[in-house]
Amino acid sequence: MEFELVVYPVLEFLSRGGFTNLYGTDVDYPAIVDIDNDGDIDILTFSVLGAFVEYHQNQSMEKYGIPDSLDYKRVSSCWGYFAENEESNLVYLDTCVVKENDIPVRGKNGYRHSGSTFLVIIYGW
């Protein structure tokens, strides 16, 4: 079986320091879904530190008028305005800033955050 390289370099977006790869790990699964209902596939993924969700909008429809390209732009570094605690299963709502004194001390309650995934339900389309 042979594979054809479709996207080079790998999926990337413009970050503060230049272009960087779209981040994902084997324990934080992204959502690959049409978030803005324009016909192309967008990506929600956890940030490098794992507390916030980044929204990477596919620009295929906006730029070319057809949904066949993988041209992504990070449009939000705190999609949904929530933060997930890095040490436990706590979720902070209505925030994009987690205060240091709100985060439990590592090992205090014996819980560890081991990864996350998304269930995106599009209602009313």
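Rules of the game
- Residues numbered from 1 in each chain as written.
- Predicted model: local features only at pLDDT ≥ 70, side-chain atom pairs only at ≥ 80, totals over all residues.
- Heavy atoms only, no water.
- Helix = DSSP H or I, 4+ residues; strand = E, 2+ residues; numbered from the N terminus.
- Buried < 20%, exposed > 50% of the residue type's maximum accessible area, 1.4 Å probe, protein only.
- Contact = heavy atoms within 4.5 Å.
- Areas by Shrake-Rupley, 256 points an atom, 1.4 Å probe, with all protein chains shown as cover.
- Core = buried A, V, L, I, M, F, W, Y, C linked by side-chain atoms within 4.5 Å.
- pLDDT = per-residue confidence, 0-100.
- Salt bridge = Lys/Arg side-chain N within 4 Å of Asp/Glu carboxyl O.
- Pairing = 2+ DSSP bridges.
- Axes fitted to C-alpha atoms, helices over the stretch in contact; angles between N-to-C directions.

1. Quick word on the overall build of the protein chain
Scanning the protein chain for helices and strands turns up 1 helix and 8 strands. Across the protein chain, helices and strands are ordered from the amino to the carboxyl terminus as β-β-β-β-β-α-β-β-β. Going through the 125 residues of the protein chain one by one, you find that 30% of them count as buried. Look at the contacts in the protein chain between residues 6 or more apart in sequence, and 39% of them connect residues 24 or more apart. Summed over all atoms, the accessible surface of the protein chain reaches about 8900 Å², with 55% contributed by carbon and sulfur.

2. A closer look at the nonpolar core
Among soluble globular proteins, nonpolar side chains are generally buried collectively. Counting residues in hydrophobic clusters, the biggest one holds 8 residues: Ala31, Ile35, Leu44, Phe46, Val53, Tyr55, Phe82 and Phe118. When contributions to this core are tallied by element, the ones reaching two or more residues are strand E4 (42-46) and strand E5 (53-58). Residues within four places of Tyr55 in sequence aside, it is in contact with Ile35, Asp36, Asp42, Ile43, Leu44, Lys73, Arg74, Val75, Ser76 and Trp79.

3. Topic: the confidence of the model for the protein chain
Per-residue confidence for the protein chain gives a mean pLDDT of 76; residues scoring 70 or more make up 73%. When the elements of the protein chain are averaged for pLDDT, strand E1 (residues 12-15) gives the smallest value, 64, and helix H1 (residues 60-64) the largest, 94. Overall, residues 98-112 carries pLDDT values under 50, and its contacts beyond four positions in sequence, including any with other chains, amount to 17 contacts.

4. Thoughts on the pattern of salt bridges
As enumerated under the stated definition, the model contains 2 salt bridges in all. In this structure, Arg74 engages Glu54 in a salt bridge whose closest nitrogen and oxygen atoms are separated by 3.2 Å. Taken together, the residues Arg74 in strand E6 (residues 72-76) and Glu54 in strand E5 connect sequence positions 20 residues apart. Take Glu54: its relative accessible area is 7%, and that puts it in the buried class.

5. Some details on the sheet that holds E4
Taking strand neighbours across the sheet as the criterion, the 4 strands line up as E3-E4-E5-E6 in an open arrangement whose pairing is antiparallel. This sheet does not close on itself; its edge strands, each paired only once, are strand E3 (31-33) and E6. Mean inter-strand twist for the sheet, computed between neighbouring axes without regard to direction, equals 25°. In the sheet, E3 pairs with E4 via 3 bridges, with the strands oriented antiparallel. Residue pairing in the sheet places Ala31 in a bridge with Leu44 of E4.

6. Topic: unusual backbone geometry
A positive phi angle is found at Tyr81, which is not glycine, with a value near 55°. Its place among the elements puts Tyr81 in the loop between E6 and strand E7 (82-84). Backbone geometry places Asp94, a non-glycine residue, at a positive phi of 55°. With respect to the secondary-structure elements, Asp94 resides in the segment after strand E8 (91-93).

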